[in-house]
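These are the residues of each chain, in order.
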Amino acid sequence: GGHGRESVAITKGVWGAGDFVAGNPSFTYFGNGSTDNGLAFWNGNATSIQQNELNQKITLQPNPASNELIVKTSDVQIIMYEIVDITGKMVAGRDVSSTQGDITVDLSNLPNGNYTLLMDSPKGMITKSFIVAK
C-alpha cells in the first residue's frame, strides 16, 4: 500500500482510479497534491536496474550446497544476511561485521530444499537463490 498517498494522487489527478504501477515500486509518490503534478512528486529510483547490477557482483558457490555456502563479492560490502525458505520464513541470519570479501554461510542445520539469501549492503538489497542438497 501507499499508506494513503495513492488517494491524494488520485484526487489531484496524478493517478487515475485503477492505474497500476508495476515494480517494487519503481516510483514512489511523496507528494501531498499541493503543487504541480510533475516529477517533483516522484522519487524515480530504478530499483530493478540497480538491484540487477548488485546481483551481478555476487555469486554463490557451490550451488547446490551441502554444509556451507561461499558468498563471493565483487566490490560490494555485505552488512547482514538472512536465509528464507520457500514459504518466506526466515530460517537463519547474521550481521556481518567484515569489510568487502567472501563470506562463508553455515548451512549445516538446514534441511534439503530451495532457499533465498537476502543480503543488505550500503548500495541496496541483494537476493540470490540457492539449493541445499546433502
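That block above? That's the structure.
This section reports on the structure supplied with the text. Position numbers for residues count from 1 along each chain, tracking the sequence in the order it is written. Owing to the predicted nature of the model, reporting of local features is limited to residues with pLDDT of at least 70; listing and counting of side-chain atom pairs is limited to 80 or more, with chain, interface and lining totals taken over all residues. Remark: hydrogens and water are excluded; side-chain values derive from all non-hydrogen atoms of the structure.

Overall, antiparallel pairing links the 3 strands, which are arranged 3-4-7 in an open sheet. Every interior strand has two partners, whereas the edge strands, strand 3 (58-61) and strand 7 (103-106), have only one. On average, each strand axis in the sheet is tilted by 25 degrees relative to the strand beside it, whichever way the strands run. Strands were regarded as paired on the criterion that DSSP finds at least two bridges between them. Put simply, DSSP marks the helices as runs of H or I at least four residues long and the strands as runs of E at least two long, and each gets a number from the N terminus on. Note on definitions: angles span 0 to 180 degrees between N-to-C directions of axes, and those axes are lines fitted to C-alpha atoms, for helices only across the stretch in contact.

This part is about the pairing of strand 8 (residues 113-121). Taken together, the 6 bridges between strand 5 (residues 80-85) and strand 8 define a ladder with antiparallel strand orientation. Looking at the pairing, Val84 lines up with Thr116 of strand 8. The antiparallel hairpin formed by strand 8 and strand 9 (residues 124-132) contains 2 residues in its connecting segment.

Moving on to the nonpolar core. In terms of nonpolar packing, the biggest core is built from 21 residues, with Ile83, Leu107, Leu117 and Phe130 touching the most fellow members. Every element with two or more residues in this core is listed here: strand 3, strand 4 (68-73), strand 5, strand 7, strand 8 and strand 9. Look past the residues within four positions of Ile83 in its chain and what remains in contact with it is Lys89, Met90, Val91, Ala92, Val105, Leu107, Leu110, Tyr115, Thr116, Leu117 and Phe130. Think of a nonpolar core as a cluster: buried Ala, Val, Leu, Ile, Met, Phe, Trp, Tyr and Cys residues, connected wherever their side-chain atoms sit within 4.5 Å. Here's how the labels work: a residue is buried when its accessible area is under 20% of the maximum for its type, exposed when over 50%, partly exposed in between, all with a 1.4 Å probe on protein chains only. Pairs of residues are marked as contacts when any of their non-hydrogen atoms sit within 4.5 Å.

Once that is clear, we can look at the sheet that holds strand 6 (residues 90-95). One open sheet accounts for 4 strands, arranged 6-5-8-9; its pairing is antiparallel. Strand pairing shows two members of the sheet lacking a second neighbour, strand 6 and strand 9, which therefore form its edges. Averaged over all neighbouring strand pairs, the angle between strand axes comes to 15 degrees, with direction disregarded.

Here Gln61 and Pro62 are connected by a cis peptide whose omega angle stands at -15 degrees. Counting through the fold element by element, Pro62 comes out in the loop between strand 3 and strand 4. Following Asn63, the chain continues to Pro64 via a peptide bond in cis, the omega torsion being 10 degrees. Its location among the elements puts Pro64 in the loop between strand 3 and strand 4. In this structure, Asp75 is a non-glycine residue whose phi angle is positive, near 65 degrees. Tracing the backbone shows Asp75 in the loop between strand 4 and strand 5.

Such coordinate-based values are descriptive only and should not be taken to indicate function.
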